[in-house]
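# Descriptive analysis of the structure
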Amino acid sequence: MTTPLNSELQQRALALKLHGLLAHWDELSKDQIAWIPSLLQWEEVERTQRGLERRLSSAHIGRFKPLADFDWQWPEQCDKGAISELMNLEFIHETSNIILIGSNGLGKSTVAQNITHEAVMQGHTALYVNAAEMLGDLASQDGDNALRRRLRYYAHPSLLVIDELGYLSYGDRHADLLFEIVNRRYEKKPIIVTTNKPFSEWASMFPNNGSVVSIVDRLVHHSEILVIKGESYRVHEAKKRAASKKGTRAKVTRTPKPKGKDS
């Protein structure tokens with residue numbers, strides 16, 4: 001007779017797809033049954049770790065600065081509370097897009113990378129991709145079948161992050177491909193976009209293409225828009241390094257005063 005404990009163990013074995021073990025379950029001795037909880041736990045922990053490593057690798061997040069090290073005092077405008085709330089990942093369950101708008105060097109990519117990393121750690125699949133690389137990849141596909149496979153690749157993850165949209169201008173083909181990606185994910189899976197251009201300037205990215213209005217319409221329909229304003233933090237750090245080096249050189253080149261005879 002199957003005990004409640006055995007039933008729980010069998011459910012765990014089924015979840016792990018250990019069909020061979022389940023097929024011979026009734027042949028197990030009491031001593032063998034006693035080992036099953038540990039064996040299942042080892043397998044569960046190993047699969048969880050392997051799954052995490054696989055999702056991290058597939059996400060292509062790259063190196064990034066943790067939000068704990070982010071200088072929240074530097075930007076003139078940056079809603080720390082709203083960004084912290086995004087780290088709860090409710091927007092994924094609500095299928096809400098996130099649009100981060102701001103000039104270069106204000107931390108938009110850092111924020112997006114942190115959110116992506118947290119999503120992966122919480123079990124979601126994610127893909128972090130540069131806008132130019134994604135659109136170039138799609139445009140380079142030779143044949144309908146190859147293009148469909150790549151469209152599925154970008155449409156599949158639970159979270160898609162399109163970084164640095166707006167830094168280059170694109171042709172009609174690229175606009176159509178971006179619309180296809182946005183449309184495939186519309187009201188199904190969220191997108192995070194980082195851009196240096198307000199929506200009123202998106203037409204300059206895709207001159208003479210009518211799909212821009214449709215792209216923006218679908219992105220903002222269910223979305224949270226965060227604007228970051230201020231001077232580039234990278235420029236700020238470069239100025240600090242330059243000032244530090246200048247001060248160091250001044251100390252090194254300063255000629256010491258000659259000592260007196262009685263000193």
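Residues numbered from 1 in each chain as written. Predicted model: local features only at pLDDT ≥ 70, side-chain atom pairs only at ≥ 80, totals over all residues. Heavy atoms only, no water.

The name an unreviewed UniProt entry assigns to the chain is Insertion sequence putative ATP-binding protein, from the organism Granulosicoccus antarcticus IMCC3135. According to the UniProt record, the Sequence similarities (unreviewed entry) comment for the chain is "Belongs to the IS21/IS1162 putative ATP-binding protein family." (UniProt positions renumbered as here; feature names shortened; annotations may be inferred.)

## A look at the overall build of the chain
Helix and strand counts for the chain come out as 11 helices and five strands. Structurally, the chain occupies a C-alpha span of about 100 × 75 × 40 Å along its principal axes. Taken across its 263 residues, the chain has 37% of its residues classed as buried. Pairs at least 24 apart in sequence give 82% of the contacts found in the chain among residues at least 6 apart. Surface exposure of the chain reaches about 16000 Å², of which carbon and sulfur atoms provide 50%. Side chains of the chain give 35 positive and 32 negative charges; the mean places of these two sets differ by 11 Å. (Helix = DSSP H or I, 4+ residues; strand = E, 2+ residues; numbered from the N terminus. Buried < 20%, exposed > 50% of the residue type's maximum accessible area, 1.4 Å probe, protein only. Contact = heavy atoms within 4.5 Å. Areas by Shrake-Rupley, 256 points an atom, 1.4 Å probe, with all protein chains shown as cover. Lys, Arg positive; Asp, Glu negative; His and termini not counted. Charge placed at Lys NZ, Arg CZ, Asp CG, Glu CD.)

## Some thoughts on empty space enclosed by the protein
A complete count under the given rule lists one cavity of 30 Å³ or more for this structure. The volume enclosed by the largest cavity comes to roughly 50 Å³. Surrounding the largest cavity, Thr-95, Asn-97, Val-182, Arg-185, Tyr-186, Glu-187, Lys-189, Ile-191, Arg-218 and His-222 form its lining. Looking at the lining of the largest cavity, its residues break down into three nonpolar, three polar and four charged. (1 Å grid on protein atoms, 1.4 Å probe; cavity = no way out; pocket = protein on both sides within 12 Å on 5 of 7 lines; lining within 4 Å. Points joined across faces, edges and corners; volume = space filled by probe spheres on them. Nonpolar A, V, L, I, M, F, W, Y, C, P; charged D, E, K, R; others polar.)

## Details of the pattern of salt bridges
Two side chains of opposite charge can pair, provided their charged atoms sit close to one another. Under the defined criterion, the tally for this structure stands at five salt bridges. For the salt bridge of Glu-46 with Arg-50, the shortest nitrogen-to-oxygen distance reads 2.8 Å. A residue pair is termed a helical-turn pair when its members lie 3 or 4 positions apart in one helix, as Glu-46 and Arg-50 do in helix H3 (residues 30–59) at four residues. Given the relative accessible area of 39%, Glu-46 is considered partly exposed. (Salt bridge = Lys/Arg side-chain N within 4 Å of Asp/Glu carboxyl O.)

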